[in-house]
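Below, each chain spelled out in residue letters.
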Amino acid sequence: MTEGPRGWGTPLHAAVLDATAVGPGATLLDLGCGTGLFARAAADRGARVTGVDRDPAAVAMASAEVPEGRFVVGTAEHPPAGPFDVVAAVQLLMHVVDPVAVLATAGRTGTVVAATVWGREDECDVRVFGEALAPWLDARPAADPVDLRGLAERAGLVVDRLDEVVCPFDYEDDDAVLGPLFDSALGRAVGRSAGPVALRDAVLDRLEPYRTDDGGYRLHNLFRVLVAHPG
Ligand SMILES: C[S@@+](CC[C@H](N)C(=O)[O-])C[C@H]1O[C@@H](n2cnc3c(N)ncnc32)[C@H](O)[C@@H]1O
């Protein structure tokens, strides 16, 4: 995953695989597979994994991460033909134009459909990065929370369960937090207008409540996991 420190998604991946009972021999289609960490977790449980992502670089990394899997460049809107036991959209729906269409297609491709999304802003400590950068950004309306159940129902799916999973984002020190931020397009833009020292101070100030005894930081973020089947 590109959204946080490496490994943060492990509890989320486990929750999806537990909730969909993925085990040896299960066929799983990973929509928006990214670098393949979810696919790796599924393959480690014995699943036969197919992954699709529109980003060729991600597909290459997923192929290296899971050599026994099959990964193709393509879209979640037009996925590889099924049927699959499980079709999973892990942290994908907020990136697609029409999440209902993606879920409806998933329902025609798999016996079980799983999808995950971020919780609301107030449920995710990573909001502190946005708060720290806010003085240098145009005011923006709060993002609407994703109504995962509503999306699934509009896609013609029957919701079996909707779980909440907390994933800690652990950073070992200031550099581990600031490095990726300064490398991001947004961080670079703010760094240019605010200056790197002001940006650094603003971020570390906001992070102070999340400091751990060993000099790192721990942010708790909530995710929602939906499991559904075609109606
Ligand atoms: C936030 S990443 C999540 C990656 C992976 N599922 C994970 O959880 O580690 C979103 C991924 O979805 C891919 N993506 C976005 N829109 C897509 C689409 N319409 N079809 C296929 N992949 C898409 C991006 O290229 C990116 O790799």
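Because the structure is predicted, anything quoted here is derived from the model rather than measured.

Caption draft 1: Quick look at the sheet that holds strand E5 (residues 110-118). Read across the sheet, 7 strands follow the order E3-E2-E1-E4-E5-E7-E6 without closing on themselves; strand pairing throughout is mixed. Edge positions in the sheet fall to strand E3 (70-73) and strand E6 (157-171), since each of these pairs with one other strand and no more. Adjacent strand axes in the sheet meet at a mean angle of 20°, parallel and antiparallel pairs treated alike. This element, helix H1 (residues 10-19), spans strand E1 (27-31), strand E4 (84-90), E5, E6 and strand E7 (217-230) of the sheet and lies at about 155° to E6. Sheet strands touched by helix H2 (residues 37-44): E1, strand E2 (48-53), E3 and E4. Its angle to E1, the strand with the most contacts, is close to 170°.

Caption draft 2: A look at the UniProt feature "domain: Methyltransferase type" (unreviewed entry) in the protein. UniProt's feature table lists "domain: Methyltransferase type" (unreviewed entry) at residues 29-108, given in the numbering used throughout. Span residues 29-108 is 35% helix and 25% strand, its end C-alpha atoms 12 Å apart.

Caption draft 3: View of the packing of aromatic side chains. According to the stated counting rule, one finds 6 aromatic pairs in the structure shown. Look at Trp-8 and Phe-169: their rings are 4.9 Å apart centre to centre, the planes differ by 40°, and that puts the pair in the tilted class. Placement of the pair is Trp-8 in the segment before H1 and Phe-169 in strand E6, with a sequence separation of 161 residues. Ring centres of Trp-118 and Phe-223 lie 4.6 Å apart, and the angle between their planes is 35°; this geometry places the pair in the tilted category. With Trp-118 in strand E5 and Phe-223 in strand E7, this residue pair connects regions lying 105 residues apart in the sequence.

Caption draft 4: Looking closely at H2. Taken across its 8 residues, H2 has 6 buried, putting it largely inside the fold. For H2, the complete set of buried residues consists of Leu-37, Phe-38, Ala-39, Arg-40, Ala-42 and Ala-43. Looking at the buried residues of H2, the elements they touch are H1, E1, E2, helix H3 (56-65), E3 and E4. Phi turns positive one or two residues past the end of H2, at Gly-46, with a value near 95°.

Cut-off values and rules
Residues numbered from 1 in each chain as written. Predicted model: local features only at pLDDT ≥ 70, side-chain atom pairs only at ≥ 80, totals over all residues. Heavy atoms only, no water. Pairing = 2+ DSSP bridges. Helix = DSSP H or I, 4+ residues; strand = E, 2+ residues; numbered from the N terminus. Axes fitted to C-alpha atoms, helices over the stretch in contact; angles between N-to-C directions. Contact = heavy atoms within 4.5 Å. UniProt positions renumbered as here; feature names shortened; annotations may be inferred. Phe/Tyr/Trp six-rings, centres within 6.5 Å; stacked < 30°, edge-to-face > 60°. Buried < 20%, exposed > 50% of the residue type's maximum accessible area, 1.4 Å probe, protein only.

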